[in-house]
Amino acid sequence: QQQVKQSPQSLIVQKGGISIINCAYENTAFDYFPWYQQFPGKGPALLIAIRPDVSEKKEGRFTISFNKSAKQFSLHIMDSQPGDSATYFCAATLTGGGNKLTFGTGTQLKVEL
Amino acid sequence: EPEVTQTPSHQVTQMGQEVILRCVPISNHLYFYWYRQILGQKVEFLVSFYNNEISEKSEIFDDQFSVERPDGSNFTLKIRSTKLEDSAMYFCASRQGLEINYGYTFGSGTRLTVV
């Protein structure tokens, strides 16, 4: 019930291409869905987040699409750059409680020149 | 920009030994967390801490684990008798408040290797 499933496990995209990472959740009580970016040797850093009352949120080259009925959300990275090469984690949380994060399994993105 | 600082960055310990992982959260933050990431796996919640007590803990956080904020600035995670399966990256995080606009700030982690 608490799981967040993430795919793909790894992704290689050409520079300038679109990177798409998908997540699915089970617990319908989750009400906040952040994406974290993690570079090697560093902790996860918040990239972008969405609440389930909107279907899309865009910040620069990063867009979250959210499908409440399907219990799915995805991260789109437009015009992918080599500097975007990192591990991306989706997460979900219940804002009413202690806000512990339930993470997906992560996607290693490599953007090639 | 304020940071969460974790020390050491890497610790190797013998199975059965006690380890203490240290964290200095951001100074005006009130909520503190430990997460861990076993190599190649997802980041998992261990424990949250507020007002000098544990507010929530996961099933991973058994009686071999404890947390403390001994001096108002440090936040520590102690593993009493380490096992091989405790080998992981341990992340400390802090937040200013529970409202969702107060995001997590994670430290860079301590890589614990139990041999």
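This text goes with the structure placed above it.
What you see is a predicted model; the values in this text were computed from it and never measured.

Enquirer: Explain the sheet that holds strand S3 (residues 19-25) of chain A to me, please; I cannot follow it from the model alone.
Expert: Strand pairing within a sheet occurs via backbone hydrogen bonds; the two strands may be parallel or antiparallel. Residue and element names in this part refer to chain A. With respect to topology, five strands assemble into an open sheet ordered S1-S3-S8-S7-S6, the strand pairing being antiparallel. Since the sheet does not close on itself, it has two edges, and those belong to strand S1 (4-7) and strand S6 (56-59), each with one partner. Neighbour-to-neighbour, the strand axes of the sheet open up by a mean angle of 15°, direction not taken into account. Two strands pair when backbone bridges link them, and strand S7 (residues 62-67) and strand S8 (residues 72-77) are joined in this way by six bridges, in the antiparallel orientation. Paired with Ile64 across the bridge in S8 is Leu75.

Enquirer: How should the pairing of S8(A) be read in this particular structure?
Expert: The two faces of the sheet receive side chains in turn, since in a regular strand these alternate between them. All names here are of chain A. Bridge count between S3 and S8: six bridges; the pairing is antiparallel. The partner of Cys23 across the bridge, within S8, is Phe73. What sits between the antiparallel neighbours S7 and S8 is a turn of four residues, in which Lys71 has the positive phi angle 55°.

Rules of the game
- Residues numbered from 1 in each chain as written.
- Chains lettered and ligands numbered in written order.
- Predicted model: local features only at pLDDT ≥ 70, side-chain atom pairs only at ≥ 80, totals over all residues.
- Heavy atoms only, no water.
- Pairing = 2+ DSSP bridges.
- Helix = DSSP H or I, 4+ residues; strand = E, 2+ residues; numbered from the N terminus.
- Axes fitted to C-alpha atoms, helices over the stretch in contact; angles between N-to-C directions.

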